[in-house]
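Residue-level listing of the chains:
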Amino acid sequence: GKWAATHPKQPPTRMALQHFDATYSAQLGALWPSIRVALLSERKYGALLNHFSHNLDVEELQAQGCKDFISNGEGKLHTASKRKLHDNLLLRSAPSPLRLSPNIRCLVFPRGDITRFRPARPDKFGLLSYYLLDAASILPCLALDVQESHTVLDLCAAPGGKALVLLQTQSVRFLCANDLSVSRTSRLKRVLQSYVPKALLTDDKLRITSFDGTIWGEIERNAFDRVLVDVPCTTDRHSLMEDDNNIFSRSRVGERRSLPQLQAELLLAGILATCPGGDVLYSTCTLSANQNQAVVQQAVQLAEEQHGIQLQVISLCPLAQMFSNTFHFAPNLHLGEMVIPHLAANFGPIYLCKLRRLT
Amino acid sequence: LTPSLLQHNKRNSAELSLRSLLDMGFTEYQAEQLYDSVSRMKGGNAAKHVLSTLSVLFVLGLNPTTVHKLLDKCPELYTVKDVQLQQRITQLRHLGLVEGSLQRTVSHYPKILTVPMKSVKSVVQFLREKCLFTTQQVAEILRDSPAVVLEDLDQLEYKFQYVYFRMGVKQAEMVKCRLFRFSLDNVRCRHTFLERRGLYQTPDKKGQTTIINPKLDGILNVDEGTFTADVAQASPEEYDVFQKLLAREWKEEEFEHGSGVIR
Ligand SMILES: C[S@@+](CC[C@H](N)C(=O)[O-])C[C@H]1O[C@@H](n2cnc3c(N)ncnc32)[C@H](O)[C@@H]1O
């Protein structure tokens, strides 16, 4: 904008902040100051426990006050939110939409506790005991609801956090993990090798590829039970804190402006790769409605117009209610759910929206 | 030796006695307390000059009750010789503490009279030359925030520069809202909280901001609850966690940059 033109030496982090101030204060209103200060302060992590590791660290972490937020969330069902959840279930008259894999466990420090995790240690087989990630990024994987013997496509998979969560379920019959970037796919390989026994990473169980995800529809259609489309985005937290590799640098203006277009193409490709009856999950780590709700709307429309595919939005409201004691969710989103950062629970931003292919 | 004779002897040698204190106008209770504390002081020198020290305070116009309170607050004053005390008072007068405010400052912050003239002089010089406060403003600072005379000059300089450059606040406003009463950490923490919430901007070269910054007075001279709710429009929980996070950030910055708090 005009400001940028008169101040050519603004670092990208500053450009990002100005951009967010302009767009998010309009989009999020009174919520923005509270999200802003959280984004500009140290984030919180979660420790995804490695089911495959002989885990000696868990007890130590639990002694420090860490709790598995997933089973903790289920506990909450027995209290007030249970009634709300029931109302929701009745409204949609669907079978329990919340089948959560018991094998996914993620420890977090309690609300307001700023203790950090120390790096994970390997067990005697060299497998690491936990993977540190934004605890909210578990939600897209939980929402994907992988069932026994499913085939799963992770269209933008590197560096592999969510692929690792999916493998923790031990339900996946076959996982295809793709990422455009070759260097990042090698990182993904290294991550999986550090956490998953070799026997589970054989060619019949796992395929790692480096294609442009937007053309996946030309490679393989109607093929997967579950598809995760975790797209590149403005990575709001990163853009505010790191000047290196920042999408708000002047040289990447074009790339940044065309993100929603790329995101919609990736989601559409993901929809095409899903088999009818299967589910697609779209997720980002930005607050931007242009990269979230608007992209989903556009992709749904394109799928219908160009391919005659009917999609249904699956409400994630029960999921949000279940974990409302761990995360802050944006209120009144007309499409999908969004974890918004808050100083006392400094996770996110994570946006997720679930679509079911009806045809 | 009867007790009264003992007291009489002490009085004759101009040393401290209960009688002499009563004569100066202290109540019995006050006199006993004063007498006790002086007797308990190590070295025993205090007893020799304490009466003349007390008279300097009386000459300043303080009444016995005030003097008693002030010595109770700041027993170090017993050890200050009357001549030094007189010089320090004169220095404060020269610095612009007029009658009335001089007495109020001393009663409120007696410690100021324990500070060597040289230290006071260097703080005053610093405020005038480095921070460009006027003589009048320096007098106001001494009156309202006498503890500045004991602050570390580097810390004082950092605090001034932080408020001047980062917050864009001019000298007159700093004086008006008694900036130097607040610790640097307190100022930085409240300001940083507002800044990260998008409620405070550093003015550009022309002194302009795109939002209206809250006044320094409204940021500092309110209790934490009011600051959090009304100025920052946040919850107590948020500010609580923020303070913990910021303290850790500072600690790590200090560690990275060696000492000093440079940002
Ligand atoms: C948000 S990251 C994915 C994070 C990953 N799902 C995880 O949980 O660790 C987005 C990824 O999309 C990849 N990407 C960008 N453009 C792509 C494209 N056209 N096709 C496939 N992947 C792409 C980037 O290399 C990046 O690794």
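Details of the structure are given in the entry above.
Residues numbered from 1 in each chain as written. Chains lettered and ligands numbered in written order. Predicted model: local features only at pLDDT ≥ 70, side-chain atom pairs only at ≥ 80, totals over all residues. Heavy atoms only, no water.

A. Structural view of the interface of chain A and chain B. The interface is formed by 16 residues belonging to chain A together with 14 residues belonging to chain B. The closest approach of N and O atoms between Arg248(B) and Glu42(A), which form a salt bridge, is 2.9 Å. The interface formed by chain A and chain B holds eleven residue pairs in polar contact (both at pLDDT 80 or more) in total. Of the residues in the side of chain A that touches chain B, the class split is six nonpolar, five polar and five charged. (Contact = heavy atoms within 4.5 Å. Salt bridge = Lys/Arg side-chain N within 4 Å of Asp/Glu carboxyl O. Polar contact = N/O pair within 3.5 Å; in protein donor to acceptor, adjacent residues only side chain to side chain. Nonpolar A, V, L, I, M, F, W, Y, C, P; charged D, E, K, R; others polar.)

B. Representation of the side chain of Gln168(A) in the model. Relative to the elements of secondary structure, Gln168(A) occurs in helix α8 (residues 161-168). Apart from the residues lying within four places of it in its own chain, the contact partners of Gln168(A) are Leu48(A), Leu49(A), Asn50(A), His51(A), Phe52(A), Asn103(A) and Ile104(A). (Helix = DSSP H or I, 4+ residues; strand = E, 2+ residues; numbered from the N terminus.)

C. View of the site of the ligand. Residues and elements named next belong to chain A. Close to the ligand lie 21 residues; Asp 179, Arg 184, Asp 212, Gly 213 and Asp 230 are nearest. In the model, an oxygen atom of the ligand is placed 3.0 Å from a nitrogen or oxygen of the Gly 160 main chain. One of the side-chain nitrogen or oxygen atoms of Asp 179 is found 2.6 Å away from an oxygen atom of the ligand. With the chains in place, 88% of the 600 Å² that the ligand exposes on its own is no longer accessible. Contributing elements (two or more residues each) for the shell around the ligand: α8 and α13 (259-273). (Near = heavy atom within 4 Å. Areas by Shrake-Rupley, 256 points an atom, 1.4 Å probe, with all protein chains shown as cover.)

D. Expanded view of the environment of Gln161(B). Residue position: Gln161(B) is located in helix α10 (residues 153-166). It is 9.8 Å that separates the C-alpha atoms of Gln161(B) and Lys130(B), two residues lying 31 residues apart in sequence.

E. Broad picture of the nonpolar core. The biggest cluster of nonpolar side chains holds 80 residues, and the ones touching the most others in it are Leu113(B), Leu127(B), Phe133(B), Val163(B), Met167(B) and Phe193(B). Among residues more than four places away in sequence, those in contact with Leu127(B) are Leu132(B), Phe133(B), Val138(B), Ile141(B) and Phe180(B). Among the nonpolar cores identified, the runner-up in size contains 53 residues, and Ile104(A), Ala177(A), Val191(A) and Tyr195(A) belong to it. (Core = buried A, V, L, I, M, F, W, Y, C linked by side-chain atoms within 4.5 Å. Buried < 20%, exposed > 50% of the residue type's maximum accessible area, 1.4 Å probe, protein only.)

F. Up close: α8(A). Residue and element names in this part refer to chain A. The buried fraction of α8 is high, at eight of eight residues. Within α8, the full set of buried residues consists of Gly 161, Lys 162, Ala 163, Leu 164, Val 165, Leu 166, Leu 167 and Gln 168. Positive phi appears at Gln 170, one or two residues downstream of α8, with a value of about 60°.

G. Structural view of the packing of aromatic side chains. With the rule as written, the count across this model stands at 23 aromatic pairs over all chains. Sitting over the face of the ring of Tyr164(B), Lys170(B) holds its NZ or CZ atom 4.9 Å from the ring centroid. (Phe/Tyr/Trp six-rings, centres within 6.5 Å; stacked < 30°, edge-to-face > 60°. Lys NZ or Arg CZ within 6 Å of the ring centre and 35° of its normal.)

H. Examining a nonpolar patch on the surface more closely. Residues and elements named next belong to chain A. Taken together, the side chains of Phe 211, Ile 215 and Ile 219 define a hydrophobic patch exposed on the protein surface, amounting to about 240 Å² of accessible area. Turning to its location among the elements, Phe 211 is positioned in the loop between β7 (206-209) and α10 (216-219). Look at Phe 211 and you get partly exposed, because its relative accessible area is 37%. (Patch = residues over 30% accessible without salt bridge, like charges linked within 9 Å, V, L, I, M, F, W, Y side chains within 5 Å.)

I. Expanded view of unusual backbone geometry. Residues and elements named next belong to chain A. Cis peptide bonds are those with omega within 30 degrees of zero, and the linkage from Ala 158 to Pro 159 qualifies with 0°. Mapped onto the elements of the fold, Pro 159 is located in the loop between β5 (150-154) and α8. The residue after Gly 348, namely Pro 349, is reached through a cis peptide bond having omega 0°. If you trace the backbone, Pro 349 turns up in the loop between β11 (337-339) and β12 (350-357). At Asp 145, a position not held by glycine, the phi torsion is positive, near 60°. As for its position among the elements, Asp 145 is in the loop between α7 (138-144) and β5. Among the residues examined, Asp 145 registers a relative accessible area of 5% and is labelled buried. The phi dihedral of Asn 332 falls on the positive side, at around 55°, and the residue is not glycine.

J. Main features of the pattern of salt bridges. Residue and element names in this part refer to chain A. Per the stated rule, a full pass over the model turns up 26 salt bridges over all chains. Salt-bridge contacts for Asp 279 lead to Arg 226; the nearest nitrogen and oxygen are separated by 3.8 Å. Of this pair, Asp 279 sits in strand β9 (residues 274-284) while Arg 226 sits in strand β8 (residues 224-230); the two residues are 53 residues apart in sequence, bridging distant segments of the chain. Across the pair, Arg 226 and Asp 279 agree in class, each one buried. Between Arg 252 and Glu 255 there is a salt bridge whose closest N-O contact spans 2.8 Å. Accessibility expressed as a relative area gives 39% for Glu 255, which makes it partly exposed. In this structure, a network of salt bridges that share partners links the residues Arg 99, Asp 145, Arg 226, Asp 279, Lys 354 and Arg 356.

K. Focus on the sheet that holds strand β1 (residues 46-49) of chain A. Residues and elements named next belong to chain A. As summarised here, the arrangement of the four strands in space is β2-β3-β1-β4, forming an open sheet in which the pairing is antiparallel. Of all the strands in the sheet, the pair left with one neighbour each is β2 (67-68) and β4 (130-133). Note that β1 and β4 share four bridges and pair antiparallel. Paired with Leu 48 across the two strands is Tyr 131, which belongs to β4. (Pairing = 2+ DSSP bridges.)

L. Representation of the environment of Gly65(A) within the structure. All names here are of chain A. Residue placement: Gly 65 occurs in the loop between α4 (57-63) and β2. We classify Gly 65 as partly exposed; its relative accessible area is 23%. Residues within four places of Gly 65 in sequence aside, it is in contact with Val 108 and Pro 110.

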